[in-house]
Amino acid sequence: MTMGGGRRLNPQEARLQRNPSRNRKHRALAMTEALGAKPKRILVTGGTGLVGRAIQEVVANGEGRPDEEWVFVSSRDADLTSAVETKALFEKHKPTHVIHLAAMVGGLFKNIRCNLDFWRRNIHINDNVLHSAYECGVQKVVSCLSTCIFPDKTTYPIDETMIHNGPPHSSNFGYSYAKRMIDVQNRGYFEQHGCRFTAVIPTNVFGPHDNFNIEDGHVLPGLIHKVYLAKQNGSALTVWGTGKPRRQFIYSLDLARLFVWVLREYEEVEPIILSVRHNQGRWAVQEDSQQRQAQALPPQLPVHALQTSCEGDLHLVQHQLRQC
């Protein structure tokens, strides 16, 4: 391809001319570099999951900045349980910042069946990502923990200081301990190498692109799927549990905006809860277990309660000590 004056464009110039939006982004990054500020390249692992897609959406719809280049990767790009593939991924993209979402995840029954698998796979993933970030000179890593990491026997409301005060619930101890170890690693990388690695603890997340599998999904998407099937088949809605456990929920797009804030503004190594204050409801909807959520359904849809002990933690309500 040639310009008006006859000079042949190099391949990069030709690509930019074919893609005006990319051209504008290229100019913005070049201007940032000219002003002395280095542009950020943000690598998001687990970029095609529930939270990853939410971050991708909010960044594309106004939350992104001209000095930021966002790269979303999934298991198709690298097997993060492999140290070799993880390091190759980091060397390829050369991120300055990382949001680490990738994990082996599942609902209550999958955790009960596969506690060892959850422990081993997530330990490998987290260690490979954090060590590759250290080796490649990443400036900041924000990892995603889980509300299930808190002790089973504890006082309420829960806050960030209570993570290691006792064993987690036995139903998902493999996943819980693997997630707890991210906090241990973050502290170790800070004390030994001065790395700015931190983590967030979101309450239960729901939203577009969730896992709606009844057996392996979480409570809200599972309940949505059950309601859909009950309406399609004209049958009663069957829900599990006694109705006693309590949960908080946060919409994935709201959580995504908070993730972006943490990446840019939060400077502590200690993890931060992303939820609402106890008994307040700005960022999340606080509800009880599936039985209580089902009470909001239309009266023409009969609800059958299936009494079971497989309910997970009794009362996962978090209290945020640190301020967003």
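Here's a quick rundown of the structure. (Residues numbered from 1 in each chain as written. Predicted model: local features only at pLDDT ≥ 70, side-chain atom pairs only at ≥ 80, totals over all residues. Heavy atoms only, no water.)

What follows is about the overall build of the chain. In terms of regular secondary structure, the chain is built from 10 helices and 12 strands. The buried share among the 324 residues of the chain stands at 46%. For the chain, the exposed area adds up to about 16,500 Å²; of that, 51% sits on carbon and sulfur atoms. (Helix = DSSP H or I, 4+ residues; strand = E, 2+ residues; numbered from the N terminus. Buried < 20%, exposed > 50% of the residue type's maximum accessible area, 1.4 Å probe, protein only. Areas by Shrake-Rupley, 256 points an atom, 1.4 Å probe, with all protein chains shown as cover.)

Here E268 is to be found in the loop between α9 (252–265) and β9 (272–274). Once the C-alpha coordinates of E268 and F197 are considered, the two residues, 71 residues apart in sequence, prove to be 8.4 Å apart.

If you walk across this open sheet you meet the six strands as β2-β1-β3-β4-β5-β9, and the pairing is parallel. Two strands lie at the open edges of the sheet, namely β2 (68–72) and β9, each paired on one side alone. The sheet shows a mean angle of 20 degrees between the axes of neighbouring strands, direction not considered. With three bridges joining them, strand β5 (residues 196–202) and β9 adopt parallel strand pairing. If you follow I201 over to β9, its bridge partner there is I273. On the sheet, helix α4 (residues 83–93) packs against β1 (40–45), β2 and β3 (97–100) and is oriented at approximately 150 degrees with respect to β1. The strands touched by helix α7 (residues 173–193) within the sheet are β4 (140–144) and β5, with β5 carrying the most contacts at an inclination of about 155 degrees. (Pairing = 2+ DSSP bridges. Axes fitted to C-alpha atoms, helices over the stretch in contact; angles between N-to-C directions. Contact = heavy atoms within 4.5 Å.)

A cluster of nonpolar residues, L116, W119, F173 and Y177, forms a patch on the protein surface that exposes about 380 Å² of accessible area. Elements represented by at least two residues in the nonpolar patch include exactly α6 (115–135) and α7. Relative accessible area serves as the criterion here: at 32%, W119 is assigned to the partly exposed category. (Patch = residues over 30% accessible without salt bridge, like charges linked within 9 Å, V, L, I, M, F, W, Y side chains within 5 Å. Salt bridge = Lys/Arg side-chain N within 4 Å of Asp/Glu carboxyl O.)

This part is about the packing of α6 against α7. Axis separation between α6 and α7 bottoms out at 8 Å; the angle between their running directions is 20 degrees. Between α6 and α7, the angle is such that the two are roughly parallel. In this structure, α6 crosses over α7, and the sense of that crossing is right-handed. Seen from α6, the contacting residues are N115, F118, W119, N122, I123, N126, D127, L130, H131 and Y134; seen from α7, they are F173, G174, Y175, Y177, A178, M181, I182, Q185, N186, Y189 and H193. Of the residues assigned to the contact of α6 with α7, the class counts are 12 nonpolar, eight polar and one charged. (Parallel < 35°, antiparallel > 145°, perpendicular 65-115°, else oblique. Left-handed = near helix turned anticlockwise from the far one by under 90°. Nonpolar A, V, L, I, M, F, W, Y, C, P; charged D, E, K, R; others polar.)

With that settled, the discussion passes to the side chain of S171. Examined against the element boundaries, S171 turns out to sit in the loop between β4 and α7. Overall, S171 belongs to the buried group, its relative accessible area being 9%. Of note is the side chain of S171, whose polar atom sits 2.8 Å from the side chain of H169. (Polar contact = N/O pair within 3.5 Å; in protein donor to acceptor, adjacent residues only side chain to side chain.)

One finds I55, W70, I99, L101 and F259 to be the most contacted residues of the largest nonpolar core, which totals 27 residues. Put simply, the parts of the chain that give this core at least two residues each are β1, α3 (50–63), β4, α9 and β9. For this core, the element with the most residues is α9, which contributes eight residues. One finds I125, V141, Y189 and F197 within the second-largest nonpolar core, a separate group that totals 18 residues. (Core = buried A, V, L, I, M, F, W, Y, C linked by side-chain atoms within 4.5 Å.)

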